Amino acid sequence: MDALKDALSAPSGVDCLVISGSDEYQDPWQDKSGSLTVLHWEAFDEREARYRGTKFVPDVDESPGGDSSLGEFLERDERAVRIWPK
C-alpha cells in the first residue's frame, strides 16, 4: 500500500478501495479499511459492484468560524468500478 501511495496522487472526489484477499479492503490515502461483507458488497460482474457507503453531512457550512463537527452520517448505495487490472 505504501508503494501505491508514494507512486500516485490521491484521487479527488472518489474512494479508492483496494481489495486484498476475498473479503478485505483498504484505501491507501484515507483511514478506511475493513470487510466487504460489512459494506454489503454486491458484485454484478468482474467490473462493477455496489456497496453501502457512509458519508458525513455537516449541519452548518464549513465557512470560517462554522462548526463542521456537528451533523449526521448518511448511508447510501455507492457504485464501484474496477479500474485495475482491466
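What this report covers is the structure whose coordinates are included nearby. These numbers come from a predicted model, not from an experiment.

**Considerations on the sheet that holds strand β3 (residues 32-35)**
The strand order across the open sheet formed by three strands is β1-β2-β3, and the pairing between neighbours is antiparallel. Looking at which strands have only one partner, the edges of the open sheet turn out to be β1 (18-20) and β3. Across the sheet, the mean angle separating the axes of adjacent strands is 20° when strand polarity is ignored.

**Points about the nonpolar core**
Core analysis: the biggest nonpolar cluster contains six residues, these being Y25, L36, L39, A49, Y51 and A80. Those residues in contact with A49 that lie beyond four places of it in its chain are W41, E42, A43, F44, E78, R79 and A80.

**So, the pattern of salt bridges**
If you walk through the whole model with that rule in mind, you get six salt bridges. Notably, a salt bridge pairs R79 with E48, separated by 3.2 Å at the nearest N-O pair. Here the residue R79 occupies a position in strand β6 (residues 71-81), and E48 occupies one in strand β5 (residues 48-58), the gap between them amounting to 31 residues. R79 gets classed as exposed once you look at its relative accessible area, which sits at 59%. Residue classification places E48 among the partly exposed residues on the basis of a relative accessible area of 30%.

**Quick look at unusual backbone geometry**
Here the bond from W84 into P85 is cis, since omega is -15°, no more than 30 degrees from zero. Relative to the assigned elements, P85 resides in the segment after β6. With phi around 55°, H40 is a residue other than glycine that occupies positive phi space. The residue H40 is located in the loop between β3 and β4 (42-43) in this model.

**Quick word on a nonpolar patch on the surface**
Among the surface-exposed residues, V81, I83 and W84 lie close enough to one another that they form a single nonpolar patch of about 390 Å² accessible area. Tracing the sequence through the fold places I83 in the segment after β6.

The rules behind each value
- Residues numbered from 1 in each chain as written.
- Predicted model: local features only at pLDDT ≥ 70, side-chain atom pairs only at ≥ 80, totals over all residues.
- Heavy atoms only, no water.
- Pairing = 2+ DSSP bridges.
- Helix = DSSP H or I, 4+ residues; strand = E, 2+ residues; numbered from the N terminus.
- Axes fitted to C-alpha atoms, helices over the stretch in contact; angles between N-to-C directions.
- Core = buried A, V, L, I, M, F, W, Y, C linked by side-chain atoms within 4.5 Å.
- Buried < 20%, exposed > 50% of the residue type's maximum accessible area, 1.4 Å probe, protein only.
- Contact = heavy atoms within 4.5 Å.
- Salt bridge = Lys/Arg side-chain N within 4 Å of Asp/Glu carboxyl O.
- Patch = residues over 30% accessible without salt bridge, like charges linked within 9 Å, V, L, I, M, F, W, Y side chains within 5 Å.
- Areas by Shrake-Rupley, 256 points an atom, 1.4 Å probe, with all protein chains shown as cover.

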